[in-house]
Amino acid sequence: MTDYFYLTAEWDALLTGLGVSTRNVLRRAQLPEGLFSQVEVKLRTLEYFRVWNALAAESRDPSLPSRIADRMVEAGSHPAVFAALCCSNLASALHRLAAYWRRSAPMIFEVEHDANSVVATLEWTGTCDPPPRALGHVEAALLVRIAQTGSTHVVQPLRVEMPHDSVSFDVLARALGVPIHGGDYVSVRFSNVDADRPFVGPNESMWARFPRSLRRGDDNTTATTEEQVRSSLLELLPSGRTSIGDVALWLGSSRRTLQRRLKHEGTKYQTILRSVRIDLAHHYLEDTALSHPDIAFLLGFESPNSFIRAFCTWTGRSPRKARGARVVSA
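I will try to describe carefully the structure that is included in this document. On a predicted model such as this, the values are computed, not experimentally measured, just so you know.

**Details of the environment of cysteine 312**
Okay, step 1: Among the secondary structure elements, cysteine 312 is positioned in helix α16 (residues 304-315).
Okay, step 2: C-alpha of cysteine 312 to C-alpha of methionine 72: the two residues are 240 residues apart in sequence and 32 Å apart in space.
Okay, step 3: Beyond its immediate stretch of four places on either side in the chain, cysteine 312 contacts Arg317 and Ser318.

In structure tokens, the structure reads:
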């Protein structure tokens, strides 16, 4: 678990789209006005909490948390949201979100299953101060919106708990469609029926941010096996599924059959995996402001260091130098 919250460069655009002054929020939070112009923004827990308290004070809109969650899911530009929507269902998405927050924030995100339901519990660490009310509300609303968007169903949680008095829950309760209960942590419980509903994947507007060569193909009837594998990996990698077994299952094939077909075409699975990761890494470094930890996560690496070592092996230079060279040439 990291000691910092890593913020994406999408924050400025997100706040602007919500009609909130980024400059005023950062001033209220006693942070530099140019903070979100940096490639990688890292904040200590108390600094991160100050941003959320400042955002609530600047907006004064009790529906703002739900609006933030809606925009994050509609845009799909946050790496955790995009990765979650690439998962096979809500249960898998919750575990993928937990993996993201473990490496990107001082946060404990636990996912527990029982016979009838699955519950996600969030706890912020590194401070004795309670988390800002708006932050907890955004996280709960975000989980529900991901469930609804991914499955295209009207999903309502079975139970939602928040560590604040019930007076503050009215607006969120109306947005989620369920009463909000007091509790020690933020927790959202879903039925197993909803947790197991298949996800349809990211929408076209999310894929439109990628170059055409890095977009999922819809028609695989005439594609080669290599092209089918490449297309599958574009959605499987963000969800953390990187093995040939994952791809074979996705394509409705067996592992041995897939290996045989690739061999017939003169290639191997690991060769294709490496190629797709290289292409995606260059896209993320050159066309986005995603941090190295976020890029590593979207490429299905276990850690940022694993990605950095692999990129150096592929290209002979570090991701930081590759991005710096792009900035200089531009």
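**Regarding the packing of helix α11 (residues 225-236) against helix α13 (residues 255-264)**
Okay, step 1: At their nearest, the axes of α11 and α13 sit 9 Å apart, and the two run at 125° to each other. In terms of axis orientation, α11 runs oblique to α13. Residues Thr225, Glu226 and Val229 of α11 form the contact with α13, whose participating residues are Leu258, Arg261 and Leu262.
Okay, step 2: Its residues assigned to classes, the contact of α11 with α13 shows 3 nonpolar, 1 polar and 2 charged.

**Here we look at the sheet that holds strand β7 (residues 186-191)**
Okay, step 1: Strand order across the open sheet formed by 5 strands is β3-β4-β7-β5-β6, with mixed pairing between neighbours. The open sheet has two edge strands with one neighbour each: β3 (107-113) and β6 (180-182). Between one strand axis and the next, the sheet turns through 20° on average, direction left out of account.
Okay, step 2: Judged from the 3 bridges that link them, strand β5 (residues 159-162) and β6 form a sheet pairing that is parallel. Residue pairing across strands places glutamate 161 opposite histidine 181, the latter belonging to β6.
Okay, step 3: The sheet strands contacting helix α6 (residues 90-104) are β3, β4 (117-124) and β7, and the helix crosses β3 at an angle near 155°.

**Things to note about the environment of asparagine 192**
Okay, step 1: The residue asparagine 192 is located in helix α9 (residues 192-195) in this model.
Okay, step 2: In this structure, the C-alpha to C-alpha distance between asparagine 192 and valine 276, residues 84 residues apart in sequence, is 34 Å.
Okay, step 3: Discounting chain neighbours no more than four positions away, the residues touching asparagine 192 are Asp114, Ala115, Asn116, Ser117 and Val118.
Okay, step 4: A polar contact is formed between the side chain of asparagine 192 and the backbone oxygen of alanine 115, at a distance of 3.0 Å.

**Observations regarding the pairing of β7**
Okay, step 1: In terms of residue burial, β7 counts as a mostly covered element, since 5 of its 6 residues are buried.
Okay, step 2: Across 6 bridges, the pairing between β4 and β7 is antiparallel. Its bridge partner being in β7, serine 117 is matched across the sheet by serine 191.
Okay, step 3: Relative to β7, β5 runs antiparallel, the two being bridged by 3 bridges. Across the sheet, the residue bridging to arginine 159 is arginine 189, located in β7.

**Brief notes about the pairing of β3**
Okay, step 1: Direction of pairing for β3 relative to β4: antiparallel, over a ladder of 7 bridges. Considered in β4, the bridge of isoleucine 108 is made with glutamate 123.
Okay, step 2: Counted along the chain from β3 to the antiparallel partner β4, the turn is 3 residues long.

**Quick notes on helix α12 (residues 244-251)**
Okay, step 1: For α12, the full list of buried residues reads Ile244, Val247 and Ala248. Projected onto a plane normal to the axis of α12, the buried residues spread over an arc of 100° and lie on a single side.
Okay, step 2: Its buried side turned inward, α12 meets α11, α13 and α14 (269-287).
Okay, step 3: Following α12 by one or two positions, glycine 252 has its phi on the positive side, about 70°.

**A short note on the pattern of salt bridges**
Any two side chains of opposite charge can pair if their charged atoms end up close together.
Okay, step 1: A complete count under the given rule lists 9 salt bridges for this structure.
Okay, step 2: Glutamate 33 is the salt-bridge partner of arginine 27, the closest N and O atoms lying 2.6 Å from each other.
Okay, step 3: A salt bridge links arginine 159 to glutamate 161; its shortest N-O distance comes to 2.8 Å.
Okay, step 4: Take arginine 159: its relative accessible area is 35%, and that puts it in the partly exposed class.
Okay, step 5: A single network of salt bridges, built from pairs that share partners, joins Arg23, Arg27 and Glu33.

**Details of the layout of surface pockets**
Okay, step 1: Taken as a whole, the largest pocket spans an internal volume of roughly 390 Å³.
Okay, step 2: Lining the largest pocket are 25 residues, with Thr8, Trp11, Leu14, Met72 and His78 positioned closest to its centre.
Okay, step 3: Those elements giving two or more residues to the lining of the largest pocket turn out to be β1 (5-7), α1 (10-17), α3 (45-59), α4 (64-75), α6 and α7 (133-151).
Okay, step 4: Classifying every residue of the lining of the largest pocket gives 17 nonpolar, 4 polar and 4 charged.

**Some remarks on the packing of α14 against α16**
Okay, step 1: Interaxial distance between α14 and α16 falls to 11 Å at its minimum, and their mutual angle equals 100°. Relative to α16, α14 is oriented roughly perpendicular. Between α14 and α16, the contacting residues are Arg274, Arg277, Ile278, Ala281, His282 and Leu285 on the first element and Phe307, Phe311, Trp314 and Thr315 on the second.
Okay, step 2: Residues of the contact of α14 with α16, tallied by class, amount to 6 nonpolar, 2 polar and 2 charged.

Definitions and limits used
- Residues numbered from 1 in each chain as written.
- Predicted model: local features only at pLDDT ≥ 70, side-chain atom pairs only at ≥ 80, totals over all residues.
- Heavy atoms only, no water.
- Helix = DSSP H or I, 4+ residues; strand = E, 2+ residues; numbered from the N terminus.
- Contact = heavy atoms within 4.5 Å.
- Axes fitted to C-alpha atoms, helices over the stretch in contact; angles between N-to-C directions.
- Parallel < 35°, antiparallel > 145°, perpendicular 65-115°, else oblique.
- Nonpolar A, V, L, I, M, F, W, Y, C, P; charged D, E, K, R; others polar.
- Pairing = 2+ DSSP bridges.
- Polar contact = N/O pair within 3.5 Å; in protein donor to acceptor, adjacent residues only side chain to side chain.
- Buried < 20%, exposed > 50% of the residue type's maximum accessible area, 1.4 Å probe, protein only.
- Arc of directions from axis to C-beta.
- Salt bridge = Lys/Arg side-chain N within 4 Å of Asp/Glu carboxyl O.
- 1 Å grid on protein atoms, 1.4 Å probe; cavity = no way out; pocket = protein on both sides within 12 Å on 5 of 7 lines; lining within 4 Å.
- Points joined across faces, edges and corners; volume = space filled by probe spheres on them.

Spatial relationships are all this shows, so hold off on functional conclusions.
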